[in-house]
Structure formats: C-alpha cells, structure tokens
Amino acid sequence: MKRRVLPGLPLSLGITLLYVGLIVVLPLGALVFKAASLGPEDYWRIVSSARAVASYRVTILAALGATAFNLVFGLALAWILVRYRFPGHRLVDAIVDLPFALPTAVAGIALTTLFAPNGWLGSLLGDLGIKVAYTPLGIMIAMSFTSLPFIVRTVQPVLEDLDPALEEAAQSLGGRDGAIFLRVILPLLAPALLAGLSLSFARSLGEFGAIIFIAGNQPFETEITALLAFIRLEEYDYQAAAAIASVLLVTAFVMLAATNLLQARALRYTARS
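Parameters and conventions
Residues numbered from 1 in each chain as written. Predicted model: local features only at pLDDT ≥ 70, side-chain atom pairs only at ≥ 80, totals over all residues. Heavy atoms only, no water. Phe/Tyr/Trp six-rings, centres within 6.5 Å; stacked < 30°, edge-to-face > 60°. Helix = DSSP H or I, 4+ residues; strand = E, 2+ residues; numbered from the N terminus. Buried < 20%, exposed > 50% of the residue type's maximum accessible area, 1.4 Å probe, protein only. Polar contact = N/O pair within 3.5 Å; in protein donor to acceptor, adjacent residues only side chain to side chain. Contact = heavy atoms within 4.5 Å. Axes fitted to C-alpha atoms, helices over the stretch in contact; angles between N-to-C directions. Parallel < 35°, antiparallel > 145°, perpendicular 65-115°, else oblique. Left-handed = near helix turned anticlockwise from the far one by under 90°. Nonpolar A, V, L, I, M, F, W, Y, C, P; charged D, E, K, R; others polar.

## Examining the packing of aromatic side chains
Taken as a whole and judged by the stated rule, the model has four aromatic pairs. On the basis of an interplanar angle of 15° and a centroid distance of 5.5 Å, the ring pair of F69 and F73 is categorised as stacked. With F69 and F73 both in helix α3 (residues 50-83) and four residues apart, this pair spans about one turn of that helix. The exposure class of F69 is partly exposed, given its relative accessible area of 43%. You can call F73 partly exposed: its relative accessible area is 41%.

The following block contains the structure:
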C-alpha cells in the first residue's frame, strides 16, 4: 500500500482553495467587476485623466528611485550580514525585518517626525537646502523603508550558498576584488537580485500608509495612485476608484509574473550549482 507524502491532501487542498477564493479571488473579482461595469470610453477617461496620469508618474518615478536605492544599499547590507561578524550583528539582522512587522502608518508618522522641517534630520537637511517631507523625495524614502527587506532577504540566502572556491580561484588567477565581484559574484547573484528588485518595486507601487503622512498629498505633485483611488472611494465614486485601482492591479500582476519567472531562474541556477 502506497503511503501519501502529504496526509490529508484533499482536505488541506480544499481549505487552501477556499481561503484563496474568499480572501484573494473574491475581492479582486469584485474590483474587476466594478471596473468592467464602466464602458470603454468612461474607463479610459478616468484612468487617463490628467490627475490620474500625474499620480502614475509620481508613483512610478518614486518607486524606481526607491528600488534603485535598495539595489545598492540592500545588496551592501546583505553582503555585510553574510560576510562579516560584528557586535550587534543579530540586532541588525533583526532590524531588517522591522518594516514587515511595523504598521505602515506608524512608519509614516515616524518618518514624517524625523524628516519634517523641525525634525531631527529635517532641520539638518533644511540648512543644506534639502527638503524631504511633503516632496517626492519623502515618498521615495518611505517606499525604500518598506521595500528594502525584499532585496536583502532574497539575496542573502544566495550569498550564503556561494562556494568560496570560486572567489579563491579568481584570486589565484590574479583577479582584483572589483573584477571578481563584477564578473564572478554578480552574475551568480543576478537571478535572485532581479527577483528582489521586482518584489521591491511591486511593494513600492502599492504602498499607502507609510506615504500619506510624509507626502503632503498635493495633486499633480505628491499624490500617489493608491491615495487617488482612496479619495474617489471616499467620494462614493466606486467605479472611478475601481478603475484607478485596476491600473495598480494589472501592474502588480505583471510584476508578479516577472517575479515568478526570475525566481524560477534562480532556483534552476541553484539546482545546477
């Protein structure tokens, strides 16, 4: 008699599908249905309005800036956590996950307090002519704060599994540190790094709580797409809110597909090595 690898599979599968249907598919289906109730002309008029397009621009540019920052800082942080041991190592490693546990609204209030014109850092930066709070720069910082762990936690396990013999072989052949990193290590990290970047960018696109306090929410200047959808919802314009939210939904699905593809590449590489 064959023994099941996973006892109770029909029951567990049924519960999983029920959970996915109620928690994920049903709300998204309601959103799509509400947006689809608009005619093509009305839908396009809403999603292509000047205010909506301005919110797309603010959101995407800030998300790109946050992702670029996380690429450099997140990779460096993952490298330090893996390659070095220092006093407070475990504390720093735990702090990386803080944005996952901290409510985003609390993070937004904290960042606003810190970078406001009379805040600890805001006053110092103000003396240098740099304004953070209530500007696109503040939005980028809030996005960076909430999305940084995705890059660190995606790259960190791949760094831990890298064979030191590869670097030693490159050094024995006379390779310099910079060349070894660019030609040996970085190509091995590329699949995981790209997956982390995709997750970071997707997370930044959908961020709301950490941004609304520090952004200032000025239409055409510091208003993000998620906030515009929320404003339409408060105005009881449910169709417009659904239409604007559907733009983020489609973008999230595209990023999810790209992330799954990149993660599959990373897994194939790990299996080969």
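The discussion continues.
## Re the side chain of H89
Along the polypeptide, H89 turns up in helix α4 (residues 89-95). By relative accessible area, which is 13% here, H89 ends up buried. Side chain to side chain, H89 and R85 meet in a polar contact 3.1 Å long. Contacts of H89, omitting those with residues within four sequence positions, involve L81 and Y84.

## Some details on the packing of helix α6 (residues 104-115) against helix α8 (residues 136-161)
Two numbers describe a pair of packed helices, the interaxial angle and the distance between the axes. Their axes nearest at 11 Å, the elements α6 and α8 cross at an angle of 135°. Of the possible angle classes, the one that applies to α6 and α8 is oblique. Here α6 runs over α8; the crossing is right-handed. Residue-level contacts link A107, L111 and F115 of α6 to I141, A142 and F145 of α8. A per-class count over the contact of α6 with α8 returns six nonpolar, no polar and no charged.

Function cannot be read off these values alone, since they describe shape.
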